[in-house]
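# Structure assessment
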There are 2 protein chains.
Amino acid sequence: MPSLMLPVCILGSNYEGKANFCTVAWFTMIDDEPPTIGLLLGKKRRTVDGIRQNRTFSVNLPSTKLATKTDFVGLYSGYKEDKSGVFRVSYGELGNAPLVDDCPMSVECKLKDIVEFEGTDLVIGEIVEVHVDEECLTDEEPDIVKMDPLLYGSPGASYFQMGNKVADAFKVGKKLKVPNRKKDEN
Amino acid sequence: MPSLMLPVCILGSNYEGKANFCTVAWFTMIDDEPPTIGLLLGKKRRTVDGIRQNRTFSVNLPSTKLATKTDFVGLYSGYKEDKSGVFRVSYGELGNAPLVDDCPMSVECKLKDIVEFEGTDLVIGEIVEVHVDEECLTDEEPDIVKMDPLLYGSPGASYFQMGNKVADAFKVGKKLKVPNRKKDEN
């Protein structure tokens, strides 16, 4: 297993009308247009039962302040534990994708597909609405520094905060001098 | 589009016997057993042509020191630019998955599948070998802090380093007091 530093999200769905949540570190954007997100989950998950029921879900990005609650919903199964009271919850455009109000950012998703692998399922959703805490905006844009995202590092199973800016992406690489690089190819 | 802090990797493959690389921030583990990784890529990529050719690839995790070179291989297309000279490269068990020696960790993968979505392809590989820089080990385990992974934050398109440890995962959540929680369900 590789060693990775991953963002953590809280996946939410309603099951029989009640909000349920689980913690996911294996997720990624799948496309920009339309904005599509994918999350890997074990085969038996109450949150996925809820997603199949309503074909909606939420992806909530916790700040480091929410480490304890985020860890809690990852530790205990929704089959055994009623997790509807852990967070302050509201509903947005879709009406039944439970948003974690304590998170600086939440997105509402419509289920597009579930791709089944051997040991996991890839839940794919189109993002239909993005909610960002006003305090985490700078010039009306989401500000990742203000959001203070919770990161998960393994092995070692620890939560981390983000650190300082290192460089500008899509920019710093232009400075690189590569030997014998042909100018007309840039 | 949501705002995210993501680890960055350098995806490598050989194309017609020459190493080629591109930068990927949309990737995730897919399974633990066997260890399986998935990366999302645009439809036309020289690195994916190479993966289809050999059915092997490498995933290399750069440290913040490698920000400039990592950005470079993300800025320029392998169709126009020969990127084989950007990194010090070696080969491992698979023989044709180019490993970036400058990275604290690299994994060699065998292609398992390519799942085609509308605008992107999900390249899925089984990890067959993990290479970790000896200087990044603590008690013979990879140490994420020593690896100093390069993170990508959007919007804003900036690279960041990781910050301080916040809490222990799978542990801190046990302290949470949930009102009306039934003891026998824990």
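Quick caveat, the model's predicted, so the values are computed rather than measured. (Residues numbered from 1 in each chain as written. Chains lettered and ligands numbered in written order. Predicted model: local features only at pLDDT ≥ 70, side-chain atom pairs only at ≥ 80, totals over all residues. Heavy atoms only, no water.)

## Observations concerning the pairing of strand β5 (residues 35-42) of chain A
Residues and elements named next belong to chain A. With 7 of 8 residues buried, β5 lies mostly within the body of the structure. Across 5 bridges, strand β4 (residues 27-32) lies against β5 in antiparallel orientation. From the neighbouring strand, Met29 faces β5, where its bridge partner is Ile37. What sits between β4 and β5 in their antiparallel hairpin is a turn of 2 residues. Summarising the sheet, β5 and strand β10 (residues 120-132) pair through 7 bridges and their orientation is antiparallel. Counterpart to Leu41 in the pairing with β10 is Asp121. (Buried < 20%, exposed > 50% of the residue type's maximum accessible area, 1.4 Å probe, protein only. Helix = DSSP H or I, 4+ residues; strand = E, 2+ residues; numbered from the N terminus. Pairing = 2+ DSSP bridges.)

## Here we look at the relation of the copies chain B and chain A
Take chain B, turn it by 180 degrees, move it 0.0 Å along the axis, and it overlays chain A with an RMSD of 0.0 Å. Each copy turns onto its partner about a two-fold axis. Taking C-alpha positions as the reference, the residue of chain B nearest the rotation axis is Gly163 of chain B, at 1.9 Å. Same-surface contact between copies: 100% of interface residues of chain B are shared with the interface of chain A. (Least-squares fit on C-alpha atoms with pLDDT ≥ 70 in both. Contact = heavy atoms within 4.5 Å.)

## What to know about the nonpolar core
Of all hydrophobic cores here, the largest spans 83 residues; its most connected members are Leu39 and Phe57 of chain A together with Leu39 and Phe57 of chain B. Leave out the neighbours within four places in its chain, and Leu39 of chain A touches Cys9, Leu11, Val24, Trp26, Phe27, Phe57, Val59, Asp121, Leu122 and Val123 of chain A. (Core = buried A, V, L, I, M, F, W, Y, C linked by side-chain atoms within 4.5 Å.)

## Looking at the sheet that holds strand β6 (residues 56-61) of chain B
Residue and element names in this part refer to chain B. Taken in spatial order, the 7 strands line up as β3-β2-β6-β9-β10-β5-β4 in an open sheet, and their pairing is antiparallel. Looking at strand neighbours, the two that pair on one side only are β3 (18-24) and β4 (27-32), the edges of this open sheet. Ignoring which end each strand starts from, the neighbouring axes of this sheet average 35 degrees apart. Strand contacts of helix α1 (residues 46-54): β2 (9-15), β3, β5 (35-42), β6, β9 (105-116) and β10 (120-132), with the helix running at about 55 degrees to β2, the strand carrying the most contacts. (Axes fitted to C-alpha atoms, helices over the stretch in contact; angles between N-to-C directions.)

## Side note on the pattern of salt bridges
Residue and element names in this part refer to chain A. Taken as a whole and judged by the stated rule, the model has 16 salt bridges over all chains. One salt bridge connects Asp121 with Lys43, and the closest N-O pair in it is separated by 2.6 Å. Here the residue Asp121 occupies a position in strand β10, and Lys43 occupies one in the loop between β5 and α1 (46-54), the gap between them amounting to 78 residues. Overall, the relative accessible area of 38% leaves Lys43 in the partly exposed class. With a closest N to O distance of 3.4 Å, Arg46 and Asp49 form a salt bridge. Here the residue Arg46 and the residue Asp49 both occupy positions in helix α1, the gap between them amounting to 3 residues, near one helical turn. With relative accessibility at 19%, the residue Arg46 sits in the buried group. Each of Lys43, Arg52, Glu116 and Asp121 takes part in salt bridges that share partners, so that together they form one network. (Salt bridge = Lys/Arg side-chain N within 4 Å of Asp/Glu carboxyl O.)

## Let's talk about the sheet that holds strand β13 (residues 151-154) of chain A
Pairing in this open sheet of 6 strands is antiparallel, and the strands run β1(A)-β13(A)-β14(A)-β14(B)-β13(B)-β1(B) from one edge to the other. The open sheet has two edge strands with one neighbour each: β1 (4-7) of chain A together with β1 (4-7) of chain B. Adjacent strand axes in the sheet meet at a mean angle of 45 degrees, parallel and antiparallel pairs treated alike. Bridge analysis of β13 of chain A against strand β14 (residues 158-168) of chain A gives 3 bridges, and the strand direction is antiparallel. The residue of β14 of chain A that forms the bridge with Leu151 of chain A is Phe160 of chain A.

## Quick word on the side chain of Thr64 of chain B
With respect to the helices and strands, Thr64 of chain B occurs in the loop between β6 and α2 (67-75). Judged by relative accessible area, which is 12%, Thr64 of chain B ranks as buried. There is a polar contact of 2.6 Å between the side chain of Thr64 of chain B and the side chain of Asp148 of chain B. Setting aside chain neighbours within four positions, we find Thr64 of chain B in contact with Val166 of chain A together with Asp148, Pro149, Leu150, Phe160 and Gln161 of chain B. (Polar contact = N/O pair within 3.5 Å; in protein donor to acceptor, adjacent residues only side chain to side chain.)

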